[in-house]
Amino acid sequence: MGTSSEIKSPQGLPAVSPLQRISELSGSKKLGMYFMESDNRRMAFGRGYTGGTTPVNIHGKPIADLSKTGGWTASIFIFGNEMAERMAYFGLSVNMVAFMFYVMHMPFSSSSNAVNNFLGISQASSVLGGFLADAYLGRYWTIAIFTTIYLAGLTGITLCASMSIFIPNQHNCDQLSLLLGNCEPAKSWQMTFLYTVLYVTGFGAAGIRPCVSSFGADQFDERSPNYKSHLDRFFNFFYLFVTIGAIVAFTLVVYIQIEHGWGSAFGSLAIAMGVSNTLFFLGTPMYRHRLPGGSPLTRVAQVLVAAFRKRNASFSSSEMIGLYEIPGKHSAIMGSGKIAHTDDFRCLDKAALQLKEDGLSTSPWRLCTVTQVEEVKILIKLVPVTACTIMLNLVLTEYLTLSVQQAYTMNTHLGRLKLPVTCMPVFPGLSIFLILSLYYSVFVPLCRRITGHPHGASQLQRVGIGLAVSIISVAWAGIFEKYRRDYAIKHGYELGFLTPMPNLSAYWLLIQYCLIGIAEVFCVVGLLEFLYEESPDAMKSIGSAYAAVAGGLGCFGASILNSIIKSVTGNPEKQQASWLSQNINTGRFDYFYWLLTLLSIINFCVFLYSAYRYKYRAEQKFETGEQVVTIKNSTPTAS
């Protein structure tokens with residue numbers, strides 16, 4: 001293979017020297033891009049050209065007849081798997097705090113933080129599942145492996161709750177003893193076993209969560225004229241099944257726990273997961289798959305290293321040939337189409353600078369394709385929008401514990417029916433179910449008249465609506481909590497914080513519950529669709545993992561914020577209760593809610609700025625007409 005080549009302009013275009021063209025484009029702050037083809041370079045990632053995002057069967061071969069695979073039929077099996085996973089997730093989130101407090105005899109605050117940390121780890125570690133899916137296993141096998149791990153963890157939790165050997169002695173342990181901390185504490189090995197099976201469950205969820213929504217979206221043909229509409233409806237239906245799982249967890253699982261005990265409650269979650277796993281595997285012949293594109297972290301590292309090595313190179317240097325990309329419609333990355341060059345993060349473009357000294361067989365650690373560089377740019381550009389949803393997840397996490405504590409002090413009777421306090425989080429789920437059911441018949445037509453958008457609102461607009469509604473929700477929570485606390489003190493319930501006040505209905509909490517449900521619909525569904533469409537083709541799972549990581553950071557943020565508030569506002573020496581005192585009537589939950597309101601407003605302003613600056617990938621067009629100079633074996637050709 002020759003080491004020098006002549007560069008010719010594309011056929012039909014006037015001959016212009018590359019250096020002249022680069023100089024012209026540099027003057028207008030645009031970079032020229034030239035295609036270089038090399039047989040060695042073609043195999044830089046260990047494989048040949050790929051057909052972009054062409055779906056394949058489970059054996060990695062092209063599907064002859066797409067009409068027999070994918071679509072809504074295949075999605076049903078995927079919806080079922082996600083519904084069971086969410087049912088288990090919410091079933092553990094609402095019941096595990098009470099299980100640790102009443103059965104394992106941990107302090108309520110410690111139980112709450114332990115569960116928050118479990119929820120946070122299970123979500124934040126989703127990036128691992130996304131990495132394995134995009135790099136090596138593909139989404140199907142990642143789900144298959146981790147859903148089995150999830151089932152093993154749920155089985156272990158069921159054993160822990162069912163066998164007396166795994167729990168401390170329950171004799172002489174009434175409610176007063178629990179509050180005073182006089183019950184026999186769990187042995188260290190018992191807590192070790194519980195934490196082990198709990199985190200095995202969380203590890204299983206980490207592999208499922210980033211892949212299920214992306215794998216479901218993979219079932220639709222992006223070349224179809226109705227693709228955008230199908231994708232929009234898919235993510236709404238996907239979250240509808242998530243909500244159904246949550247509703248079942250907050251009602252049926254709670255009922256089973258009250259009537260039949262902890263072992264039966266956790267066992268029902270394991271059974272549901274086992275059934276959904278079976279259905280998921282039964283749907284295998286119908287699924288469409290995307291080939292994994294190799295390690296995305298390696299590709300990111302290659303871009304960073306190559307850009308650092310050429311940090312001193314100039315875009316106007318006489319040594320520069322152009323920006324490197326392979327010719328034609330195919331990408332060098334398995335499972336990915338080409339990505340148009342953008343002017344963002346120009347420092348990273350140096351990783352794709354083709355210099356004369358590079359030759360034609362340079363290592364990807366020194367010269368990357370434009371598509372590879374753009375992958376890294378996209379991952380960076382997705383961070384600000386996703387980070388702005390952390391605050392919503394923090395509020396959702398706080399609601400799971402704080403609003404339940406509020407409900408304990410209030411009347412939960414609905415007519416003659418008394419609902420368990422742990423059922424209260426079902427109401428956000430019911431509001432989400434109602435909103436999703438009416439979404440296309442009410443919201444879309446109404447917003448279409450205002451925005452002119454075919455789907456009612458863009459993805460970022462929906463995220464913004466969700467964040468705005470969450471501010472209203474948490475502000476109302478602060479207003480009502482002040483009223484509830486003043487009522488308790490006025491009527492002599494200041495010390496009896498576990499005694500329900502018969503004349504104050506817990507259903508006042510429905511306002512904040514329903515508002516946060518509306519916020520969750522718009523924000524989370526919009527974010528999932530946004531991340532799937534905007535992520536690079538070979539990084540869809542990692543893109544979806546961004547949402548889960550934001551959820552995990554929200555859980556961690558809630559634990560950290562709680563600890564800070566307790567240490568700053570409480571003073572045991574002066575007998576000064578913290579805002580988050582276990583006695584809610586002497587604490588100041590209202591101050592805490594207003595602090596969350598202030599933080600949410602600041603976060604919303606940051607989101608508005610980030611959304612204003614963001615440019616959708618759909619607005620960028622990859623034009624090859626001016627970028628088709630080819631070099632191969634020292635023979636100049638025009639592609």
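Think of each chain on its own: its residues are numbered from 1, step by step along the sequence as written. Per-residue local features are limited, in this predicted model, to residues with pLDDT of at least 70; the limit for side-chain atom pairs, both in listing and counting, is 80 or more; totals at the level of whole chains, interfaces and linings are taken over all residues. Only hydrogens and water are set aside; all other atoms, that is, all heavy atoms of the structure, feed into the side-chain values.

Enquirer: Account for the environment of G478, naming residues and giving values.
Expert: Helix numbers and strand numbers start at the N terminus; a helix is a DSSP run of H or I with at least 4 residues, a strand a run of E with at least 2. Assignment of secondary structure puts G478 in helix α15 (residues 459-490). With near-sequence residues (within four places) excluded, G478 lies in contact with D590, Y593 and W594. Only heavy atoms enter the contact rule, under which two residues are in contact if any of them lie within 4.5 Å.

Enquirer: Any chance you could break down a nonpolar patch on the surface for me, citing the residues and the numbers?
Expert: A contiguous nonpolar surface patch, about 460 Å² in accessible area, is contributed by I58, Y136, L137, W141 and I145. In this fold, W141 is placed in helix α5 (residues 126-162). Taking the relative accessible area as the measure of exposure, W141 reaches 43% and is therefore partly exposed. To count toward a patch, a residue needs a relative accessible area over 30% and no salt bridge; like charges are then connected within 9 Å, while nonpolar side chains (Val, Leu, Ile, Met, Phe, Trp, Tyr) are connected within 5 Å. Each accessible area value is a Shrake-Rupley result obtained with a 1.4 Å probe; residue values ignore everything except the protein chains displayed when judging cover. The working definition used for a salt bridge is a side-chain nitrogen of Lys or Arg within 4 Å of a carboxyl oxygen of Asp or Glu. In this scheme, a residue with accessible area under 20% of its type's maximum is buried, one over 50% is exposed, and one in between is partly exposed, where area comes from a 1.4 Å probe on protein chains only.

Enquirer: Now, about unusual backbone geometry: what can you tell me, with residues and values included?
Expert: Of note, F345 is a non-glycine position whose phi angle comes to about 50 degrees, a positive value. Here F345 shows up in the loop between β2 (320-325) and α11 (346-349). Residue F345 is classed as partly exposed on the basis of its relative accessible area, which comes to 35%.

Enquirer: An account of the packing of aromatic side chains is requested, with residue identities and associated values reported.
Expert: Here the aromatic set is Phe, Tyr and Trp, taking the six-membered ring for Trp, and pairing holds for ring centres within 6.5 Å; pairs whose planes are under 30 degrees apart are stacked, those over 60 apart are edge-to-face, and all others are tilted. Tallying each qualifying case throughout the model produces 36 aromatic pairs. Where F480 meets W508, the ring centres are 6.3 Å apart and the plane angle is 25 degrees; that geometry is what we call stacked. Of this pair, F480 sits in helix α15 while W508 sits in the loop between β7 (501-505) and α16 (510-534); the two residues are 28 residues apart in sequence, bridging distant segments of the chain. For F480, a relative accessible area of 3% puts it in the buried group. A residue is classified by how much of its surface remains accessible, and W508, at 45% relative accessible area, is partly exposed. Consider the rings of Y591 and W594, whose centres lie 6.4 Å apart with planes at 35 degrees: the pair is tilted. Pair noted here: Y591 and W594 are both in helix α18 (residues 589-613), with a separation of 3 residues, about one helical turn. Note on W594: relative accessible area 33%, which makes it partly exposed. One aromatic cluster is present, built from ring pairs that chain together W72, F79, F220, F234, F235, F237, F238, F241 and Y532.

Enquirer: Please set out α18 residue by residue, giving values where relevant.
Expert: Here α18 is 25 residues long and its end C-alpha atoms lie 36 Å apart, about the 36 Å a rise of 1.5 Å per residue gives. Three or more residues of α18 are buried, namely F589, D590, F592, Y593, L596, T597, S600, N603, F604, F607, S610 and A611. Those residues of α18 hidden inside the fold are in contact with α12 (370-387), α13 (390-408), α15, α16 and α17 (540-569). Expected span of a helix: the number of residues minus one, times 1.5 Å.

Enquirer: Could you give an account of the side chain of T284, with specific residues and numbers?
Expert: If you trace the backbone, T284 turns up in the loop between α9 (262-282) and α10 (296-309). Of the residues examined, T284 reaches a relative accessible area of 15% and is grouped as buried. Among the polar contacts made by the side chain of T284, one reaches the main-chain carbonyl oxygen of F281 at a distance of 2.7 Å. For T284, the residues in contact, after removing those within four places along its chain, are I58 and Y140. Polar contacts, as counted here, are pairs of nitrogen or oxygen atoms within 3.5 Å of one another; within protein the pair requires one atom able to donate a hydrogen and one able to accept it, and residues that are adjacent in sequence qualify only if both atoms are side-chain atoms.

Enquirer: Please set out the confidence of the model for the protein chain residue by residue, giving values where relevant.
Expert: When pLDDT is averaged across the protein chain, the result is 78; 85% of the residues are at 70 or more. A score from 0 to 100, pLDDT tells how confident the predictor is in each residue. Of all secondary-structure elements in the protein chain, the lowest mean pLDDT belongs to strand β8 (residues 629-632), at 31, while α18 reaches the highest, 94. Between residues 1-52, whose pLDDT stays under 50, and residues either more than four places distant or in other chains, the model counts 132 contacts. Scored below 50 in pLDDT, residues 619-639 shows 48 contacts in the model against residues more than four places distant or in partner chains.

Enquirer: Which residues make up the environment of N503, and what are the values?
Expert: Topologically, N503 is positioned in strand β7. When its relative accessible area of 66% is taken as the criterion, N503 is described as exposed. Counting along the chain gives 93 residues from N503 to M410, while the straight-line C-alpha distance between them is 8.0 Å.

Enquirer: So, the pattern of salt bridges: which residues are in play, and what are the values?
Expert: With the rule as written, the count across this model stands at 16 salt bridges. Note that D218 is salt-bridged to R139, the shortest N-O span being 2.6 Å. In this pair, D218 is assigned in the loop between α7 (188-217) and α8 (227-260) and R139 in helix α5, connecting sequence segments 79 residues apart. Pair check on accessibility: D218 and R139 agree, each one buried. Between D349 and K377 there is a salt bridge whose closest N-O contact spans 2.8 Å. Here D349, found in helix α11, pairs with K377, found in helix α12; they are 28 residues apart in sequence, far enough to count as distant. The network of salt bridges with common partners includes E82, E85, R86 and R209.

Enquirer: Which residues make up the nonpolar core, and what are the values?
Expert: Here, the term nonpolar core denotes a set of buried Ala, Val, Leu, Ile, Met, Phe, Trp, Tyr and Cys residues that are joined through side-chain atoms within 4.5 Å. Counting 162 residues, the largest nonpolar core has M96, F99, F266 and F530 as its most contacted members. Take this core: its biggest share by element is 16 residues, from helix α3 (residues 71-102). Residues within four places of M96 in sequence aside, it is in contact with G91, V115, I157, L194, L198 and F266. Grouped together as the second largest cluster of nonpolar side chains are 6 residues, Y439, F443, C447 and F522 included.

Enquirer: Help me get a handle on α17, residues and values and all.
Expert: Here α17 spans 43 Å end to end across 30 residues, near enough to the 44 Å set by a 1.5 Å rise per residue. To obtain the bend at a residue, axes are fitted to the seven residues ending there and to the seven starting there, and the angle between these axes is taken. The sharpest bend along α17 comes to roughly 25 degrees, located at Y546. Burial of α17 is extensive: 21 of the 30 residues sit out of reach of the surface.

Enquirer: Quick one: what's the story with the packing of α16 against α17, residue by residue and with numbers?
Expert: Viewed as axis vectors pointing N to C, α16 and α17 meet at an angle of 155 degrees, and their least axial separation amounts to 8 Å. With respect to each other, α16 and α17 are oriented roughly antiparallel. Our pair here, α16 against α17, has a crossing hand that is right-handed. Contacts between α16 and α17 involve L527, L528, L531, Y532 and E533 from the first element and K540, G543, Y546 and A547 from the second. Taken together, the residues of the contact of α16 with α17 break down into 6 nonpolar, 1 polar and 2 charged. Fitted lines through C-alpha atoms give the axes, limited to the stretch in contact for helices. The angle between two N-to-C directions lies from 0 to 180 degrees. Small angles under 35 degrees read as roughly parallel and large ones over 145 as roughly antiparallel, with 65 to 115 read as roughly perpendicular and the rest as oblique. Two helices cross in a left-handed way if the nearer one is turned anticlockwise from the farther one by less than a right angle. They cross in a right-handed way if the turn is clockwise. Each residue is assigned to one of three groups, with Ala, Val, Leu, Ile, Met, Phe, Trp, Tyr, Cys and Pro labelled nonpolar, Asp, Glu, Lys and Arg labelled charged, and all others, Gly among them, labelled polar.

Enquirer: Mind laying out the packing of α7 against α17, listing which residues take part and the relevant values?
Expert: Where α7 meets α17, the axes come as close as 8 Å, and the angle between the chain directions of the two elements is 120 degrees. As judged from the angle between their axes, α7 and α17 are oblique. When the axes of α7 and α17 are compared, the crossing they make is right-handed. Facing R209, P210, C211, S213 and S214 of α7, the residues of α17 in contact are K540, S541, S544, A545 and A548. Residues that form the contact of α7 with α17 fall into these classes: 4 nonpolar, 4 polar and 2 charged.

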